Amino acid sequence: MPEFQPIRYLRRGYGLAIAAAVLATAFVFFYAAHAQRYVAAATIEYTGSFADRGQNPDGSAIDPQEMFSAARVDGLARALGLQESVQELRSGFAAEMMVVGLDGEWLGANSTAGQQAEYGPAGQRTAYRITFTASGSRGGAYAGDVLRTLLSGYAAWYGERHVVLEPQALPGGLENVPAADSEYIDCADGLIAAARESVDALNSRAESYLAFRSAATGYAPADLAAEYAFILDEELTKLRSDILADGAARDRAGLLARWNAELTEYEADLGLARGRAERIKALMAQMDAASAQAEAQIAEPVLVAEGQAESTAAYDVLARRYAQALIDMIGCEAELRACEGRIASFSDAGEDGFDTRRVEDGIAEAAGRLAGLHALALETDAELRAWIAAQSLTLREGVTVRGTVDVRLYTLLGAVFGGLLGILLAIFAGRIREILRMEPPLGGA
């Protein structure tokens, strides 16, 4: 048996060792690169007043899956110009619910798209770790960009969907204002109604959110309400008074005929409201008389009988209806008097006692100012919703990206393993050749 000399075998077969190391390194590298996945992750915490019950500010259940709904992911794909399908993108998102216990311990339960999350006990804050997984060929920057874009628009979307404001939609637009070719008084009344609605809505927001001021417009809700109130008091009220005082109308006869018809309706409504109030008052008087007669027949104090309780309840219902009838009667009378005032103003004014151009320009100018102010109010309101949403959502961590496979480490291990394998193969091949006498014995010429 020839003597075993591994150094000699390596010297003869070093090419095989190098080839094996290179092939093993290349195989491991390409396999690891193919298996590579990049995971972008961020943790958001729901911090609204109802979050400990698993609810959004509007009372609906917290559901992180809405973050990557089909509609939102479709918008994300359009924003980034991605070629992947919506379904393919959605499959890369996942949400893991984490609940912070009172002792600070993180508890979790996976919730991927299409699955329902489970909530922890009351008194614990809820947070979610949102992840997006991308293939190695797209790279870590791609995964991070997708998740950042998704989260950047979520606060504004969350504010529109789950933030409760009173009123929910900001009024004051000019969509309900009569067209410019309508009667002048109708246009003025429409503009006044729009301004009053805006003042009421903005004052309500100002009372609830004193600390808010828009960074984009520089306005707080109270500032906008004051702007609307100025236009209402200084411009629109005067405009309406001038129209009435001058008898300004496109069709004077038609307008007076319409008002006279409305006056007849108001008189009829007032008569109905007055009759309803009188009938209810008569019924209440009858019940008062019956109750007094019943009390007079009681010789000593007794417990209130069931029939008497029912009578009291019926009387309370009548009292409420009587109060509502009086309110209706007062409203009808106010409308009646206002209509009479409009008719009297137009009747006292001359046929051609107004400047058409001045009235039309005044209406157009007031409408333009309201439209511009309404645009500012909408922009401020949108930022307010996002600001409120930011109070209910907290990004606990920034977006981080990591690979699921350490390609460099595995490539290094592949090179080491390939080198060792090549050495063993070279030694084994040299020994086999020597045994089979494929080369001369050691020491031979």
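First things first, this report covers the structure right here in the doc. This one's a predicted model, so the numbers in the text were calculated from it and none came from an experiment.

### Quick notes on the packing of helix α7 (residues 221-246) against helix α10 (residues 356-392)
At step 1: Close contact between α7 and α10 brings their axes to 11 Å; oriented N to C, the two are set at 160°. Looking at the two axes, α7 sits roughly antiparallel to α10. As for the relative orientation of α7 and α10, their crossing is left-handed in sense. In this structure, α7 contributes Leu224, Glu227, Tyr228, Ile231, Glu235, Leu236, Leu239, Asp242, Ile243 and Asp246 to the contact, and α10 contributes Arg358, Val359, Gly362, Ile363, Ala366, Arg369, Leu370, Leu373, His374, Leu376, Ala377 and Thr380.
At step 2: In terms of residue class, the contact of α7 with α10 is built from 13 nonpolar, 3 polar and 6 charged.

### Re the environment of glutamate 197
At step 1: Here glutamate 197 is to be found in helix α6 (residues 184-208).
At step 2: By relative accessible area, glutamate 197 is classed as partly exposed at 43%.
At step 3: Once the C-alpha coordinates of glutamate 197 and tyrosine 228 are considered, the two residues, 31 residues apart in sequence, prove to be 9.6 Å apart.

### Topic: the pattern of salt bridges
At step 1: Evaluated as defined, the whole model comprises 19 salt bridges.
At step 2: Residue glutamate 262 pairs with arginine 342 through a salt bridge whose shortest N-O separation is 3.7 Å. You can see glutamate 262 sitting in helix α8 (residues 252-296) and its partner arginine 342 sitting in helix α9 (residues 306-348), a full 80 residues away along the chain.
At step 3: Look at glutamate 262 and you get partly exposed, because its relative accessible area is 22%.

### Looking at the packing of aromatic side chains
At step 1: Counted according to the given criterion, the structure contains 9 aromatic pairs.
At step 2: On the basis of an interplanar angle of 90° and a centroid distance of 6.3 Å, the ring pair of tyrosine 209 and tryptophan 387 is categorised as edge-to-face. Of this pair, tyrosine 209 sits in the loop between α6 and α7 while tryptophan 387 sits in helix α10, and the two are 178 residues apart along the sequence.
At step 3: Taking the relative accessible area as the measure of exposure, tyrosine 209 reaches 21% and is therefore partly exposed.
At step 4: Of the aromatic side chains, those joined through ring pairs into one cluster are Tyr46, Tyr128, Tyr154, Trp157 and Tyr158.

The rules we used
- Residue numbering note: each chain is counted from 1, following its sequence as written.
- pLDDT decides what is reported in this predicted model: residues at 70 or higher carry local features, side-chain atom pairs at 80 or more are listed and counted, and totals for whole chains, interfaces and linings draw on all residues regardless.
- Computation of side-chain values: all heavy atoms of the structure, hydrogens and water removed.
- Axis definition: a line fitted to C-alpha atoms, over the contacting stretch in the case of helices. Angles run 0 to 180 degrees between N-to-C directions.
- Numbering of helices and strands starts at the N terminus; helices are DSSP runs of H or I of at least 4 residues and strands are runs of E of at least 2.
- What sets the label is the angle itself: under 35 degrees gives roughly parallel, over 145 gives roughly antiparallel, 65 to 115 gives roughly perpendicular, and the rest give oblique.
- For a crossing to be left-handed, the near helix must be turned anticlockwise from the far one by less than a right angle; the clockwise case is right-handed.
- Working rule for contacts: check all heavy atoms of both residues, and any pair within 4.5 Å makes them a contact.
- Each residue is assigned to one of three groups, with Ala, Val, Leu, Ile, Met, Phe, Trp, Tyr, Cys and Pro labelled nonpolar, Asp, Glu, Lys and Arg labelled charged, and all others, Gly among them, labelled polar.
- Note on classification: 1.4 Å probe, protein chains only; a residue is buried when its accessible area is under 20% of the maximum for its type, exposed when over 50%, partly exposed between these limits.
- The term salt bridge refers to a side-chain nitrogen of Lys or Arg lying within 4 Å of a carboxyl oxygen of Asp or Glu.
- Aromatic rings from Phe, Tyr and Trp, taking only the six-membered ring of Trp, are treated as a pair when their centres fall within 6.5 Å; an angle between ring planes under 30 degrees marks them as stacked, one over 60 as edge-to-face, and anything in between as tilted.

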